[in-house]
Amino acid sequence: MTRTAFVLGAGMVGVSCALSLQKRGFAVTLIDRREPGQETSYGNAGVLARSSIVPLNNPGLYGKITSYLGNRHPALNLDWSRALTRPGWLLRFLWEARASKAAARIAALESLTGSTVERHRALMAEAGVSHRLRETGTLKLWRTEAGHAAAQAEHDFLKAHGIAAQVLDRQGISGVEPALKPIFHAGLLCLENASVDSPGAVTQAYAELFRQRSGRIEKADAQRLERGASGWRVATAQGGFEADIAVVALGPWSMDLLAPLGIDPKLDVERGYHRHFKAEPGARLSRPVYDVDAAYFMAPMEEGYRVTSGVDLSRRDAPDNHRQIDQVTVSAQEAFPLEDGFATTWRGARPTLPDSLPMIGEAPRHPGLWLAFGNQHLGFSTGPITGEIVAALVCGETPPVDPTPFAPGRYIG
Ligand SMILES: Cc1cc2nc3c(=O)[nH]c(=O)nc-3n(C[C@H](O)[C@H](O)[C@H](O)COP(=O)(O)OP(=O)(O)OC[C@H]3O[C@@H](n4cnc5c(N)ncnc54)[C@H](O)[C@@H]3O)c2cc1C
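Because the structure is predicted, anything quoted here is derived from the model rather than measured.

Caption draft 1: Structural view of the nonpolar core. Membership of the largest hydrophobic core comes to 50 residues, with the highest contact counts inside it found for V7, L21, M124, Y206, V247 and V390. Counting residues per element, this core draws most heavily on helix 1 (residues 12-23), at seven residues. Sequence-distant contacts of M124, defined by excluding residues within four places in its chain, comprise L48, V129, S130, L133, V196, V202 and Y206.

Now the structure itself:
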């Protein structure tokens, strides 16, 4: 008999889970209150980040923290009132940055990012959107002389992990991106990264592939999860759905449906913003660039040049705080000839656990309830492998990578 599943959330992670379960013969219903790929999986920088194997909370964070605490640096905004009334998550996050945790954390992230480009390349070909993939790497840039040493150190670190990169001086930078203004002293071309020109459209194309393969997509606002007669049931504003297994892939909203079941995955969010700009005539970038000192990505997108901001540790649903995106707008205009003016400011929330690793696996004490969220800064890159891990575990297969570091039991008792 055909086994059934419903997947809650049609961002990159949920769509990938749906495709991977479908490939293994499940009849899958993918449920989202919006069209697929309209939230975090829309607004990101579109980088397929093979080289991002060091999480934000690494030992280096301790040295930088004092420069962040005054809420003046664009890399971080901290809502102090929230941090003080709910210090637990932040303290755990900082505690997880200690040196003794670094090697295992890096190995776990590397296991997820290692195949990101090949997995997306294959999916984009199947979904007919290969034209959206740019295999031109990403470029990291430093504004000061000290950048040379930083670029070289990162190059050597990546090389030790088998990841190719090239250190560039001023001349080298203008050789690969001639339209950048000559304000950068050093660069690192991360050759094995790739990017897309519309992460939302890519997510939608994967969802469409799922639909064409007889997948069912329902637009419904999930309100309550409960055990059903022979599996799981979700009540939505548009009616109930029942299946043998349920997958929660609601990104930054995952805790909303889990809390009533007594499940606290210690999930929080790192908010971020983006704006789109037009370039002055004749100016173009061939790849996303990251300005290390000013803390922003600028990525060429279908809609224009997307400038994304750093981490805003505020409540998920608190009103916007444009301090960081205003700062990086100025910095991006210093670096590249962007025209003045932007239509809107988008806000999203990276779903993050204290150890910066996603939660992938079956919920303890809740057989048939599968969790796939917490992909933090890397969920667009790591969605497809997350889906493969979930589906392999559901079917009792050996997953493509060791799932132990991502096990829900590390936070859920
Ligand atoms: C500024 C910024 C830049 C980033 N840049 C990159 C990058 O370059 N590369 C990279 O790999 N990652 C990047 N990320 C991270 C990445 O975007 C996320 O990790 C990823 O999109 C998370 O995907 P998801 O499927 O878990 O969540 P989402 O894409 O948010 O999907 C969750 C879905 O759940 C749905 N939903 C929520 N509640 C309900 C409900 N009650 N009922 C039904 N549906 C519901 C939502 O509508 C949504 O579609 C960035 C993030 C930000 C904010």
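More follows now that the structure is in view.
Caption draft 2: Representation of the pairing of strand 12 (residues 232-236) within the structure. Here strand 12 lies mainly inside the structure; four of its five residues are buried. Where strand 11 (residues 222-227) folds back on strand 12, the antiparallel hairpin that results is connected by four residues. Between strand 12 and the antiparallel strand that follows it, strand 13 (residues 239-243), lie two residues.

Caption draft 3: View of the environment of A97. With respect to the helices, strands and loops of the structure, A97 is situated in the loop between helix 5 (87-95) and helix 6 (99-113). If sequence neighbours within four positions are ignored, A97 has contacts with N57, N58, P59 and Y62.

Caption draft 4: Structural detail: the environment of V28. Note on placement: V28 falls in strand 2 (residues 27-32). The contact partners of V28, leaving out residues within four places of it in the chain, are A5, V7, A18, L21, Q22, F210, G215 and R216.

Caption draft 5: Main features of the site of the ligand. Surveying the vicinity of the ligand reveals 29 residues, the closest of which are D32, T40, S41, Q376 and S381. Contact distances for the ligand include 3.1 Å between an oxygen atom and a backbone N or O atom of F380. A distance of 2.7 Å is found between an oxygen atom of the ligand and a backbone nitrogen or oxygen belonging to S381. Here the ligand loses 97% of its free accessible area of 1000 Å² to cover by the protein chains. Mapped onto the shell around the ligand, the elements with two or more residues apiece are helix 1, helix 2 (40-43) and helix 13 (379-394). The element contributing the most residues to the shell around the ligand is helix 13, with three residues. The class makeup of the residues in the shell around the ligand is twelve nonpolar, twelve polar and five charged.

Caption draft 6: Molecular detail of the UniProt feature "domain: FAD dependent oxidoreductase" (unreviewed entry) in the chain. As recorded in UniProt, the feature "domain: FAD dependent oxidoreductase" (unreviewed entry) lies at residues 6-393. In this annotation, residues 6-393 is assigned 35% helix and 26% strand; the end-to-end C-alpha distance for the span is 16 Å.

Caption draft 7: Just helix 12 (residues 323-335), in detail. For helix 12, spanning 13 residues, the distance from its first C-alpha to its last is 19 Å, which sits close to the expected 18 Å at 1.5 Å a residue. Here helix 12 has its buried residues at R323, Q324, I325, V328, T329, S331, A332 and A335.

Caption draft 8: Spatial organisation of the confidence of the model for the chain. Put simply, the chain has an average pLDDT of 97, and 100% of its residues get 70 or more. Looking across the chain, the model is least confident in helix 4 (residues 80-85), with a mean pLDDT of 88, and most confident in helix 1, with 99.

Caption draft 9: Examining the sheet that holds strand 9 (residues 194-196) more closely. Taken in spatial order, the three strands of this open sheet run 3-9-5, and their pairing is antiparallel. Both edges of this open sheet fall to strand 3 (47-48) and strand 5 (133-134), since each of them pairs with a single strand only. Pairing analysis gives two bridges linking strand 3 to strand 9, with the strands arranged antiparallel. Its bridge partner lying in strand 9, V47 is registered against S195.

Caption draft 10: How the structure looks around the packing of helix 1 against helix 13. Two numbers describe how helix 1 lies on helix 13: the axes approach to 7 Å, and their chain directions differ by 35°. Crossing of helix 1 over helix 13 shows right-handed handedness. From helix 1, M12, V13, S16, C17, S20, L21 and K23 reach across to helix 13, where they touch G379, F380, G383, P384, T386, G387, E388, V390, A391 and V394. Looking at the contact of helix 1 with helix 13, its residues break down into nine nonpolar, six polar and two charged.

Conventions we followed
- Residues numbered from 1 in each chain as written.
- Predicted model: local features only at pLDDT ≥ 70, side-chain atom pairs only at ≥ 80, totals over all residues.
- Heavy atoms only, no water.
- Core = buried A, V, L, I, M, F, W, Y, C linked by side-chain atoms within 4.5 Å.
- Buried < 20%, exposed > 50% of the residue type's maximum accessible area, 1.4 Å probe, protein only.
- Helix = DSSP H or I, 4+ residues; strand = E, 2+ residues; numbered from the N terminus.
- Contact = heavy atoms within 4.5 Å.
- Pairing = 2+ DSSP bridges.
- Near = heavy atom within 4 Å.
- Polar contact = N/O pair within 3.5 Å; in protein donor to acceptor, adjacent residues only side chain to side chain.
- Areas by Shrake-Rupley, 256 points an atom, 1.4 Å probe, with all protein chains shown as cover.
- Nonpolar A, V, L, I, M, F, W, Y, C, P; charged D, E, K, R; others polar.
- UniProt positions renumbered as here; feature names shortened; annotations may be inferred.
- Expected span 1.5 Å × (residues − 1).
- pLDDT = per-residue confidence, 0-100.
- Axes fitted to C-alpha atoms, helices over the stretch in contact; angles between N-to-C directions.
- Left-handed = near helix turned anticlockwise from the far one by under 90°.

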